[in-house]
Amino acid sequence: MSRFWKWFWSLVLVVPLAVFAVWAIWDNTKLFFITMLNGLTLASLYFIVASGFTLVFGLMRNVNLAHGSLYLLGGYVGYFVAEMTGFFLLALIAGFLVAALVGLLMQVAIFRSMQGEDLRQTMVTIGLSIVIADLLMWGIGAQVHQMSAPEWLVGPLRDIPLITAYSKYRMALLPLGLIIGVLLWLFLNRTRVGMMIRAGVDDRAMLAATGVNVNLVFAATFAIGAGLAGFGGVIGAVELSMVPGEDVRLLLASLIVVIVGGMGSVVGAGVGAIILGVAETYGLAYAPTYSVVFTFVILVLVLAFRPRGILGQAA
Amino acid sequence: MKKRAFVHTLVGAAVLAAFSGAVYSQQTVKIGLLATLEGPFAAGGADGMRGAELALKQRNGMAGGKKIELIKASSDAKPDVAVNATRKLVEQDKVDIMVGPLSGGEGIAVKDYSKTQPNITFINGSSGAQAATLVNPSQNFFRFNTEGAQWMVGLGKAALDKGYKRVMVIAEDYAFPYSQVQGFMSEYCRLGGKVPVKAWVPLGGKDYSSVIARIPNDVDALVVVLGGADAVNFLNQYEASGGNKPMVGGSITVSQDILNYKGKRRDSLVGTIAGSPIADAYDAPEFKAFVADYQKNYPVSAGGYPSPSLFALVYYINMKAALDGLDAVKGDLSGGQAKYREALQKMVLKTPVGEVRLDSNRQAIGSTFVTEVVKDAKGNLFNKVLRKVDGIDQTLGIKKEDFKMGSRDEPSCP
């Protein structure tokens, strides 16, 4: 019986999507595939930011609602470093490091003293995000900051079958997201530190008893999570530009990705990011007026049928 | 004993404060100033504030023999945020006159709120949705700037003159772009132009790749009615995706805040025609004096633009109207501000871009420009004047009963 229902619901979900895909390809092949690529590349940006969030929020259960502010901070730092030195790579590193440093400070100064107190963490980090956003606006102003892509990624990539031309920079996001995902997965699942992190999340006291400095492990994890937000910020500063308000948008995206994908799972964050990115872009391409709705329909469906997220496990 | 003395001092101070407050309020007029310092129009909002302040600076902070106290507030282009900020200024700070807000949807919301505050006079900031004064107008909401549809008059013909026979419209999905598109299309369609596709995108949507993918091959140009950060993102992404169709801009698409955004790629904008209440290179002496004054007060080194933006000009015009009105009644705001409002209604306002009168809905009748983006010797982009159109009323010269307000589907000529 339950198997039947599983099949039934999958059919209800898959058939309309398949029908839509066939119709869309028949109607306008180029539009369909460009939109697919747009969705995946947007997903890549979402994944980079949200994977940091899944480390901090999903794995360590630290409710860091200032994650978006770290994205904004990283983006601005990247912009100014690129402006001064002219090296995009340096900007990426700087964005990562500054955000990681701020994250480290937050972990040591704030989260360590309120371990396990979700509500306090929520309130404090919301406050912090407002303060950081206003400080940035005060220091940098509210103008749009559009970072330039590195020389070799400027302009379109031409003569691709089916879609003719596509932005080089945007195309480059695809392998970048994949590389970061694989590295993160290897780090968590194949290294000693990754093992400690997973052990610490499951039983903090037990891990400490085996002689591991748990505080250090947690601080390092938090710094990596925060650094990924900053890294994403630099990438986003090129494609989507930096302006006050971006912090909230990316925080919301990260939240949805982690909730849809399942907390604390890197693969889950990847799945969540793809679903969100693809839904957003297809929504904008085929039903622009209602595009906002799709995101929340997905959220509702996932919460209704898989409350722990698509790849989430019982706590 | 010591404690009691302290309490006495406190009471004394409070009385003094109350007393001085009373004296103070007789000699000052409080004006609330609302613009967007957050969200997609943050940069434009900051320049709007500069324009409004400039109008006050030019008369040394005095109008009608009274000292003017400006109280500022910010919104983020969302109507509910604008109403909350206005509410705070009116109900908490007790301002006498409100100037604002910046964006189209906000203007409609503040106009509706103004009906609940009959003793306060509301003057628009730079919001340009038709509905703010065209549908259920409010007795105490005045708009001394021409609005979105009026700004586009003359552009339809200019686009056809450039040889753009079919265009795709890409615009944000709210009241102001509806007005702009209506202003453009009513003329463009009448003269035989075709608009096969209209894409309405969410305000602050950021990622335009999907819309760019939808651009058909057989259109001659794109009509881009996006503002602030949205315009910057669209232009950038369109260029990166290999797009090369010429553009026709909405009024805030090629304003100074866009021409000067932080970043490098702006040259693709050269040659873009647009309809706008401001043209950087307009050579009337009043406009030149305004620009010089702006540049003196807000040099580029202090965060200003090389030339004032649309928002600076329009906020300047509305603030000037508020202050001229106070001069006309010598600061007399008694009797529910009745005299003041009468003065506003009858006023022929001298603005840097020509004279403005109000119609019976308290909406400006004035001039607009058709402009084209060019590059000067220093590499700065600015708008030169192709044509100036005077005396445009809100129904664009169409009879009131035949005039249909702009919406997603109106007008249409596929």
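Look up a bit, the structure's there.
Numbers given to residues run from 1 along each chain, matching the order in which its sequence is written. As they are written, the chains are lettered A onward and the ligands numbered 1 onward, keeping that order. Only residues with pLDDT of at least 70 are given local features in this predicted model, and only at 80 or more are side-chain atom pairs given and counted; all residues enter the totals for whole chains, interfaces and linings. The side-chain quantities take in all heavy atoms of the structure and omit both hydrogens and water.

1. Structural notes on the interface of chain A and chain B
Taken together, the contact between chain A and chain B spans 37 residues of the former and 35 residues of the latter. The rule for a salt bridge is simple: a side-chain nitrogen of Lys or Arg has to be within 4 Å of a carboxyl oxygen of Asp or Glu. Counting every contact that joins chain A to chain B gives one salt bridge. Here Asp207 of chain B and Arg170 of chain A are joined by a salt bridge, their closest N and O atoms 3.0 Å apart. Counting of polar contacts relies on pairs of N or O atoms within 3.5 Å, with two restrictions inside protein: one atom must be capable of donating a hydrogen and the other of accepting it, and residues adjacent in sequence are counted only when both atoms are side-chain atoms. Taken together, the connections running from chain A to chain B amount to nine residue pairs in polar contact (both at pLDDT 80 or more). Those elements giving two or more residues to the side of chain A that touches chain B turn out to be α2 (29-59), β1 (156-160), β2 (164-167), α9 (214-239), α10 (246-261) and α11 (266-286) of chain A. Numbering of helices and strands runs from the N terminus; a helix is a DSSP stretch of H or I covering at least four residues, while a strand is a stretch of E covering at least two. Take the side of chain A that touches chain B: its biggest share by element is six residues, from α2 of chain A. Contact between two residues is taken to exist if any of their heavy atoms lie within 4.5 Å; hydrogens are not considered.

2. Concerning the packing of aromatic side chains
Two rings from Phe, Tyr or Trp (for Trp, the six-membered ring) form a pair when their centres are within 6.5 Å of each other. A pair whose planes differ by under 30 degrees is stacked, one over 60 is edge-to-face, and the rest are tilted. All told, the structure shown has 28 aromatic pairs over all chains when counted by the stated rule. With 6.3 Å between their ring centres and 25 degrees between their planes, Phe4 of chain A and Phe8 of chain A make a pair best called stacked. Of this pair, Phe4 of chain A and Phe8 of chain A both sit in helix α1 (residues 2-27), four residues apart, which is roughly one turn of the helix. Owing to a relative accessible area of 33%, Phe8 of chain A belongs among the partly exposed residues under this scheme. Measuring from centroid to centroid gives 6.5 Å for Phe41 of chain B and Phe311 of chain B, while their planes differ by 50 degrees, and the two rings are tilted. Taken together, the residues span a long stretch of sequence, with Phe41 of chain B in the loop between β1 (28-36) and α2 (42-57) and Phe311 of chain B in helix α13 (residues 310-328) at a distance of 270 residues. Partly exposed residues are those whose accessible area sits between 20% and 50% of the maximum for their type, while under 20% is buried and over 50% is exposed, using a 1.4 Å probe and protein chains only. Residue classification places Phe41 of chain B among the buried positions, given a relative accessible area of 2%. Among the aromatic side chains, those forming a connected cluster through ring pairs are Phe20, Trp23, Phe32, Phe33, Tyr282 and Tyr286 of chain A.

3. Here we look at the pairing of strand β14 (residues 364-375) of chain B
Residue and element names in this part refer to chain B. Extensive coverage of β14 is indicated by the burial of 11 of its 12 residues. Note on pairing: two strands pair once DSSP finds at least 2 bridges between them. In this structure, strand β11 (residues 273-276) lies alongside β14, joined through four bridges in antiparallel fashion. Paired with Ala274 across the bridge in β14 is Thr371. The hairpin turn running from strand β13 (residues 354-358) into β14, its antiparallel successor, is five residues long, and Arg362 in that turn takes a positive phi close to 65 degrees. Relative to strand β15 (residues 381-392), β14 runs antiparallel, the two being bridged by nine bridges. Looking across to β15, one finds that Thr368 is bridged to Val389. From the end of β14 to the start of β15, which pair antiparallel, there are five residues, and Gly379 there has a positive phi angle of about 90 degrees.

4. Quick look at the nonpolar core
Counting 70 residues, the largest nonpolar core has Tyr46, Phe88, Met106, Met147, Tyr169, Ile235 and Val257 of chain A as the members making the most contacts within it. In terms of residue count, α9 of chain A provides more of this core than any other element does, 12 residues in total. Formed by 59 residues, the second largest nonpolar core is a distinct cluster that contains Tyr298, Val314, Ala343 and Ala364 of chain B. Nonpolar cores were defined as sets of buried Ala, Val, Leu, Ile, Met, Phe, Trp, Tyr and Cys residues, with membership established by side-chain atoms within 4.5 Å.

5. Some remarks on the pattern of salt bridges
For the coordinates displayed, the defined rule picks out 21 salt bridges over all chains. Between Arg170 of chain A and Glu239 of chain A there is a salt bridge, and its shortest N-O distance comes to 2.9 Å. A residue pair is termed long-range when its members are at least 10 positions apart, and Arg170 of chain A in helix α6 (residues 168-190) and Glu239 of chain A in helix α9 qualify at 69 residues. You'll find Arg170 of chain A and Glu239 of chain A in the same group, each marked buried. Salt bridges sharing partners connect three or more residues here, namely Arg59, Lys320, Asp324 and Asp327 of chain B.

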